[in-house]
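So you can see what is in the structure, the chains are spelled out below.
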Amino acid sequence: MELLEIHHLSKSFPGVKALDDVSLAVRPGEVHALCGENGAGKSTLMHILSGNLHPETGKIVFDGKELRLKDPLDAFRSGISIVHQHLSLTDTLSVAENIFANRQPVTRWGLIDFERLYRESSVLLERLQIDVDPKVRVGTLSAGQKQMVEIAKALAREPKLLILDEPTASVTDKEVSILFRIIGQLRAEGRSVIYISHRLNEIFEIADTITVLKDGVLQGTWPARDLTRDSLIRLMVGRNLQVQEFASHRGKEVLLEARNLSNSDIHALNLKLHKGEILGMAGLVGAGRTEIARLLFGADPPRQGELLLNQEPVKVTHPENAILNGIFYLPEDRKTQSLFPHMSIEETLFSARLTGKVMTGKVRQFRESAAAFVKKLRVATPDTAKKVAQLSGGNQQKVFLAKLLLGEPKVLIADEPTHGIDIGAKHDVYNLLRQLAAEGRGIILISSELPELLTLCDRILVIRDKKIAGSLSRNEASESRILELAMGSN
Amino acid sequence: MRKILEDRIYSLSALLVVVVAVAGLVYPDTFLTADNFRQLLLNLSIDAIVAVGMMILLIAGVFDLSVGSILAFAGCLTAHLMFFYQVPVFWAVGAGLIASGLLGFLNGYLIAYKGINAMIQTLAMMGIARGLALMVSGAAIQNLPYWFGAIGQSRLLGVQMPVWYMLLIVGVLTFLMSKTVFFRRYYYIGSNEVAAALSGIRVKRMKMIAFIISALLAGIAGILLTSRLGAALPTMGRGLELRVITAVILGGASLSGGTGRIPGALLGALFMGIVANIMVIARVSGYWQDIIVGLILILTLWTDQSLKKNYKL
Amino acid sequence: MNTDSSCNMKSKRFSRLKTVSLIWALLVAGVSCELPTRTGEGQAAGQSDETETAGPPENEEYVMVTTAVTMPMYVNHDQAAFKKWGEKTGVKVSILGPADWDVPAQINTLEEVIGTRPTGILVNGTDAALARAINKAVAAGIPTVVYDSDIPGGRHHAFLGTDWYEIGRMQGEEIVKLTGGKGKIAYMGILGLSNMEDGFRGLLDVLAGYPGMQVVGKYDDKASVEEAARITSDILAAHPDLAGLCGFDSNSGPGMALAVKELGKGGKVKITTVDWEPEHLSLVSQGVIHMLAGQKRELFTWYGAQFLHDMAHGTNRLSGNDERAGITSVPEKVNTGLIRITRENVALFLP
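Residues numbered from 1 in each chain as written. Chains lettered and ligands numbered in written order. Predicted model: local features only at pLDDT ≥ 70, side-chain atom pairs only at ≥ 80, totals over all residues.

Enquirer: I would appreciate a short explanation of the overall build of chain C in the present structure.
Expert: Within chain C one finds ten helices and 13 strands. A burial count over chain C gives 48% of its 351 residues as buried. Pairs at least 24 residues apart make up 69% of the contacts formed inside chain C by residues separated by at least 6 positions. (Helix = DSSP H or I, 4+ residues; strand = E, 2+ residues; numbered from the N terminus. Buried ≥ 20, exposed ≤ 12 C-beta atoms within 10 Å, placed from the backbone. Contact = placed C-beta atoms within 7 Å.)

Enquirer: Got a minute to help me understand the packing of helix α7 (residues 146–153) of chain B against helix α11 (residues 203–229) of chain B in this structure?
Expert: What describes two packed helices is the angle between their axes and the distance between those same axes. Residues and elements named next belong to chain B. In the contact formed by α7 and α11, the axes pass within 7 Å of each other and the chain directions differ by 105 degrees. Overall, the two elements α7 and α11 adopt an arrangement that is roughly perpendicular. On α11, the residues touching Phe148, Gly149, Ile151, Gly152 and Gln153 of α7 are Leu224, Ser227 and Arg228. Residues that form the contact of α7 with α11 fall into these classes: three nonpolar, four polar and one charged. (Axes fitted to C-alpha atoms, helices over the stretch in contact; angles between N-to-C directions. Parallel < 35°, antiparallel > 145°, perpendicular 65-115°, else oblique. Nonpolar A, V, L, I, M, F, W, Y, C, P; charged D, E, K, R; others polar.)

Enquirer: Would you take a moment to explain helix α14 (residues 393–406) of chain A for this structure?
Expert: For an α-helix, 3.6 residues make a turn, and residues three or four places apart therefore share a direction. For α14 of chain A, with 14 residues, the first-to-last C-alpha span of 20 Å sits near the 20 Å given by 1.5 Å per residue. Three or more residues of α14 of chain A are buried, namely Gly394, Asn395, Gln396, Gln397, Lys398, Val399, Phe400, Leu401, Ala402, Lys403, Leu404 and Leu405 of chain A. (Expected span 1.5 Å × (residues − 1).)

Enquirer: Before we go on, may I ask you to explain the sheet that holds strand β17 (residues 411–415) of chain A in this structure?
Expert: Two orientations exist for strands paired in a sheet by backbone hydrogen bonds: parallel and antiparallel. Residues and elements named next belong to chain A. Spatial strand order, β16-β17-β18-β13-β19-β20: six strands in an open sheet with mixed pairing. The sheet is open, and its two borders are formed by β16 (327–330) and β20 (467–473), each paired with just one other strand. Taken over all neighbouring pairs, the strand axes of this sheet differ in orientation by 20 degrees on average, direction set aside. Judged from the six bridges that link them, strand β19 (residues 459–464) and β20 form a sheet pairing that is antiparallel. By the bridge assignment, isoleucine 463 is partnered in β20 with isoleucine 468. With respect to the sheet, helix α15 (residues 423–438) is in contact with β13 (278–283), β17 and β18 (442–446), its orientation differing from that of β18 by roughly 150 degrees. (Pairing = 2+ DSSP bridges.)

Enquirer: I'm lost on the interface of chain B and chain C in this one. Help?
Expert: One frequent convention defines the size of an interface as the accessible area lost when the parts assemble. Between chain B and chain C, the residue contacts involve 39 residues of the former and 36 residues of the latter. Among the secondary structure elements, those contributing two or more residues to the side of chain B that touches chain C are α3 (34–59), α6 (118–137), α7, β1 (155–156), α11, α13 (262–281) and α14 (286–309) of chain B. By residue class, the composition of the side of chain B that touches chain C is 17 nonpolar, 17 polar and five charged.

Enquirer: Help me out: how do you make sense of the nonpolar core in this one?
Expert: Soluble globular proteins: nonpolar side chains tend toward being buried together. Formed by 277 residues in total, the largest nonpolar core has its most connected members in Leu445 of chain A together with Val50 and Met54 of chain B. By residue number, the principal contributor to this core is α11 of chain B, which donates 18 residues. In contact with methionine 54 of chain B, other than residues within four places in its own chain, are Phe63, Asp64, Val67, Ser214, Val244, Ile245, Val248 and Ala265 of chain B. Of all hydrophobic cores here, the second largest spans 64 residues; its members include Ala33, Ile82, Ile99 and Ile206 of chain A. (Core = buried A, V, L, I, M, F, W, Y, C linked by C-beta atoms within 7 Å.)

Enquirer: Help me understand helix α9 (residues 181–191) of chain B, please; the structure alone is not making it clear to me.
Expert: Residues and elements named next belong to chain B. Extensive coverage of α9 is indicated by the burial of eight of its eleven residues. Along α9, the positions that sit buried rather than exposed are Phe183, Arg185, Tyr186, Tyr187, Tyr188, Ile189, Gly190 and Ser191. On its buried face, α9 sits against α3, α8 (161–179), α10 (193–198) and α11.

Enquirer: For this particular structure, what's the right way to read the sheet that holds strand β12 (residues 333–335) of chain C?
Expert: Residue and element names in this part refer to chain C. Overall, parallel pairing links the six strands, which are arranged β3-β2-β4-β5-β6-β12 in an open sheet. Looking at the sheet topology across the chains shown, the edges are occupied by β3 (92–96) and β12. The sheet shows a mean angle of 15 degrees between the axes of neighbouring strands, taken without regard to direction. Here strand β5 (residues 144–148) runs beside strand β6 (residues 158–161); their pairing, made up of four bridges, is parallel. Across the sheet, the residue bridging to aspartate 148 is glycine 161, located in β6.

Enquirer: Help me understand the arrangement of the chains, please; the structure alone is not making it clear to me.
Expert: Counting contacts across all two pairs of chains that touch, the top pair turns out to be chains B and C. Kept free of each other, chain A and chain C leave a smallest C-alpha distance of 14 Å between them.

Enquirer: Got a minute to help me understand the pairing of β17 of chain A in this structure?
Expert: A regular strand carries its side chains on alternate faces of the sheet. Residues and elements named next belong to chain A. Where burial is concerned, most of β17 is hidden: five out of the five residues are buried. The side-chain alternation of β17 yields two buried faces, one formed by Val411, Ile413 and Asp415 and the other by Leu412 and Ala414. Pairing of β16 with β17, which is carried by four bridges, proceeds in the parallel orientation. Across the sheet, residue leucine 330 finds its bridge partner in β17, namely alanine 414. For the crossover from β17 across α15 to β18, the handedness is right-handed. (Right-handed = clockwise from strand over helix to strand, strands pointing away.)

Enquirer: How do you make sense of the environment of glycine 202 of chain C when you look at a structure like this?
Expert: All names here are of chain C. Summarising the element assignment, glycine 202 is placed in helix α6 (residues 194–207). Using a count of 21 C-beta atoms within 10 Å as the deciding quantity, one classes glycine 202 as buried. The sequence separation of glycine 202 and aspartate 100 amounts to 102 residues, and the corresponding C-alpha distance is 28 Å. Once residues within four sequence positions are removed from consideration, glycine 202 is found in contact with Tyr165, Glu166, Ile167, Gly168, Arg169 and Gly172.

Here's what the structure looks like:
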């Protein structure tokens, strides 16, 4: 008997058919991967299963009974727990209170029984082998630890079905292995897992079954062993992605040089970026890569040392100086650092022109070049009056890149530019970065996806404890070599 | 239809037309007269000038509770200098404006650069400026110079000057906020401060400037009110801050920033002025006005939220 | 083609520029700016000859314009008497004004009321700044009476009220008597109101004649009982030998009395204050407050309304045309006098 059966589910939003007659089944004790590009309908399906959205047609049978979910609480009660991509934790409360949010154990006086709360939490965390103190405030945890707490919170309800939405997006490799061990444990207990991820390696490592969605339509369900990486990509994208051959455009001239550049986060940074070079930055989450980017960009301005652009010293004490000198930064977190929630594509692109001296207003010319970039980067909509917030992650990232390119960067620092975006958009970003390098610009690429760094970069700096732990040329670099440097000797 | 409901400038204008039409039908000889409109425009001009500054702040995602007190302080200081020290009108007005700008600078500097919460800082400034106003004025100051009175009591085309100043200020700032890069930055700051800073905008400096502009406009309003009344009262502008924030939110701003347009500030103030006027004409007691404005505010925001809901997820 | 269209645009913009500058030229040259009249005396009498009423006016309505319309003292005394007068006389009476203490809003209301041309306007004289609006009402030919505090510079037809300077003097003389002319005195009220400041002046003028009296401070209780109580306990902490307290707004007395009672000094610290609300009266019977300087507020509005009525109806004519003759047919200034309430006579005021 199947644990979950979905029959002919449909759901549309104004202008989009998000799900079109989708059916699928999950067996008990199965890890079922759900694949598809952003906008394929995975999130809509998850929202329906968690009670956030209601389907127009079709039915859901769970554990032998037809399921009609009114709200998320209903889903929890039925035995479905979901771990969302965007964390649902409260930073100011303890781990234990987050795990038992809204259902803390109480004493017979109706007051919260903290002793029991901590005891039950630590039992749960121990069982999952998550090394976190239940009394510590969530705000002090790393992104990866938060993700683990989030999973513990979902499992505290003893669900029959656990849905994980991009659980490894902000997690280090070590935590990924812990997560996979937990999933294995669940599978052994006969619980089912629906696993959503853009990371194909993980899918092939963990999944028993793979279902592919594209534009709201079911492409099919296959045992994982019947698919290969290439065939899965083809199913998701619907086209063959051209993998460009690597070609170095690294020139002789040094474009950007930091000499003993320091601020409160980074001590004495020395690095050189050549013209046409793609310089990778690898490291564990929290190693200090973003801090280096912010130092170079003037967001956390330097207190000591020198920054030279084309051998000329430049003073970068605010992003404004950086931008006026042609140094641009694509932030790591799209939603909190790049997105203007009220703004249209055009208005967002216009923010490229807000710095420094008031630029002369050839608005029409600007509009034309903005529209050209939107087209060139293959943003899903040609309508530049559309709100950026309504676009998928990949398309948003393209808009933000277009904004930077409008400023004619000499140096582009891209912090996790492909984080959480779908594979088609990823390839567009890769091709763009290569093209920029070919035009003689310098690129610093911060990424947690090692294959990405290995395909794109001329050189890779490995960061550990806010310092450059090593510099690997393209020929020397390999995943194991990078990890060795990133994790240190022990 | 949906478009009209969604853009507050249109929806509020439509509501205004309906209100004016109904009031005009019910009170044809008292409401729909040129005199009455001249009077109600004059009465709301002070609020509208302050509302323009508040609109800029709310677009940038902050607000200022001290505008009412700064208004009183600017008016009282100007009157004090003229009355007790015989300072010429021009310099006294200049001093009043500079003083209000300084208080705005203090607000802006402490909020933007020192990270003091805007509500707490401006709440403190509300008390400080009110105290300063009382200090320089004692009881009301009267018998101000003739030319000072002329600033706010002269008429152009039969309409008293504060109305023209209001229109000028609304016009200039509407132009600046929609057409210049400098002022356009406030929309980005209000929409996402972090992203704005990473786009190279000097967020702190811009925020400080917004507080200075708002305080200056409050100062202008205070001097105009003093001139119009022919007296400086330390109690001027009591409760003004909340009234103005209400007007600005009615006019399309939101407390979370990034939205709103300058003409909305005028429309909001106009709406509240007309409601107040109708209350007077209908001989309805003062507190009903507060109740009605409160209900309309809830109603507009409710409509907004229900329209938005369709876009969720 | 491109140049063509831009040319076109240019000429269009140019013509728009021309119209705009034309309008401005008109504004500046043709219509020009009207300055206010110099001292405001010019329009005193002559302007309103049309309104010499022959018979009773149509749609008779009397409007009271006040501030803080919800303040209990106003509601229970001024407004109650005004309404009672309306009922007795059988004419419409309306009460308008902002809910809070906001003089500019009261002025706005008054100016808007003028446009609706009521039969008569009764104005609560909260602040001297009302003068211009009052003169506007008078110039519009509307009988206008001010009550409570007089408005210097106002050309209203009549004033009824209490002399606040006298309130101050009365308290001063009482406190001198109570303390035997020796000791420390503090006083409080709403700072920045002209009538209060007059009262403060009266008090200080009396105390100045007694070298044994020492004034330790002038405080702003912001018309709040809590604030008055807090200030009083602070003063008593600093000056345990405080001899007397004088209050000038409705809430000063209850606040001062509260603090004095809580510190166990009830009766020892002499208190005089204004108003005779039930709370004040009961504190007098308890012996905590020693004297109340009460106003006859009912008389302000009752006779104020009656004055308006008599003017509108031409009850007493003193000349062929009173208005042209520049005279008013009602008393110009009425001092309704003060009520002195002490422990001896308090029983008569209690309900």
